[in-house]
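# Observations on the model geometry
Given next are the chains, with one letter for each unit.
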Amino acid sequence: MVRPLRLEFPGALYHVTCRGNRREDIFRDRVDRLVWLEEMERVCRRFHFLIHAFCQMTNHYHVLIETPEGNLAQGMRHLNSAYSQYYNRRHELVGHVLQGRYHAILVQKDSHLRELARYIVLNPVRASAVAAPGDWEWSSYRAMMGEAPSATWMTTSWLLACFGPDQIAARQAYHRFVMAGLHADSPLKKVSFRCILGDETFIARHRESAQEPRSAEIARVQRRALALTLEEYAATFAPREAAMAQAYRSTAFSMQQIAAYFGVSVKTVSRAVAASERPVNRHDG
């Protein structure tokens, strides 16, 4: 089955989740969690992401991301690649850290941001890790409540404004709203086409793009969005020349980027790509 095209456009909002490979832990201790937060800060600064809510669990994470520049795939690829390289290096491991790439759902901001933000910060409570959302250090809840400093990459203003103009009253209303969701159904049950959450008008507007690509241009964009990271190409394909060729065919990386990652010259990458194409043309002429 063809995976749905990742819908990207300026101002899009997404609920993003990513799990550990084979459901293994991706955060072993406080250091891992802090490094992930540092990587998120770099990604937000570079790709101008706006984070409305997040939660680090033990073997996965949730993030509510708004993309003013419509560049979710590019930023998420950078985040997961950088963190995976750190994690393997620190814990002396090899291979995949994360299960696949990530799962993203396009969200209608006005009608579903609040519900998803609540769902995200309640994850530790539902998992019985803590009794209350404020007991979990590794989510956006404390920053929303003013109980901890807000990260520079966090945006709390839009969500708090949903609960009123007075900040103190808004935080109290936010707290009541979160606690009221303890036994509510997951908003993700309302997802359509596996990747859209919104009302009928919103779904109708975007569902065409969620279907199988109908043009060469859309297919090219989809190939880029579904590309592995360079680390994953290196771990999946052997020898090294095959990994470089596959990475180049994805159209997600230039020869210069591939050469820099593998520590070779651009000419070496070019030769690897050419060699991989020879069997197709061996009867020519």
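Residues numbered from 1 in each chain as written. Predicted model: local features only at pLDDT ≥ 70, side-chain atom pairs only at ≥ 80, totals over all residues. Heavy atoms only, no water.

This paragraph deals with the overall build of the protein. A count of helices and strands for the protein gives 13 helices and five strands. Expressed as a percentage of the 285 residues in the protein, the buried residues total 48%. Considering only contacts within the protein whose residues lie at least 6 apart along the sequence, 70% involve residues at least 24 apart. Within the structure as shown, the protein displays about 14,600 Å² of accessible surface, and the carbon and sulfur contribution to it stands at 50%. (Helix = DSSP H or I, 4+ residues; strand = E, 2+ residues; numbered from the N terminus. Buried < 20%, exposed > 50% of the residue type's maximum accessible area, 1.4 Å probe, protein only. Contact = heavy atoms within 4.5 Å. Areas by Shrake-Rupley, 256 points an atom, 1.4 Å probe, with all protein chains shown as cover.)

Looking now at the sheet that holds strand β5 (residues 196–197). The strand order across the open sheet formed by five strands is β2-β3-β1-β4-β5, and the pairing between neighbours is mixed. This sheet does not close on itself; its edge strands, each paired only once, are β2 (50–56) and β5. Set on the sheet, helix α1 (residues 30–47) makes contact with β2 and β3 (60–67); between it and β2 the angle comes to about 165°. The strands that helix α3 (residues 109–121) touches are β1 (12–19), β2, β3, β4 (103–107) and β5; relative to β3, the one it contacts most, it runs at about 155°. (Pairing = 2+ DSSP bridges. Axes fitted to C-alpha atoms, helices over the stretch in contact; angles between N-to-C directions.)

On to the nonpolar core. The biggest cluster of nonpolar side chains holds 68 residues, and the ones touching the most others in it are Trp36, Ile51, Tyr61, Leu72 and Tyr174. Apart from the residues within four sequence positions on either side, Leu72 is in contact with Glu8, Tyr14, Val16, Phe49, Ile65, Thr67, Tyr102 and Ala104. (Core = buried A, V, L, I, M, F, W, Y, C linked by side-chain atoms within 4.5 Å.)

Per-residue pLDDT for the protein averages 87, and the proportion of residues at 70 or more is 88%. Considering only residues more than four positions removed or in separate chains, one finds that residues 212–219, a stretch of pLDDT under 50, has six contacts. (pLDDT = per-residue confidence, 0-100.)

Looking now at the environment of Met154. Summarising the element assignment, Met154 is placed in the loop between α5 (141–145) and α6 (157–161). Each residue touching Met154, except ones within four places of it in the same chain, is listed here: Ile51, His52, Ala53, Phe54 and Ser140.

A few words on helix α2 (residues 72–91). With 20 residues, α2 should cover 28 Å at 1.5 Å per step; its first-to-last C-alpha distance of 28 Å lies within 8% of that length. Burial analysis of α2 places 14 of its 20 residues in the buried class, which makes it a mostly covered element. Trailing α2 by a residue or two, Glu92 shows a phi angle of about 55°, which is positive. (Expected span 1.5 Å × (residues − 1).)

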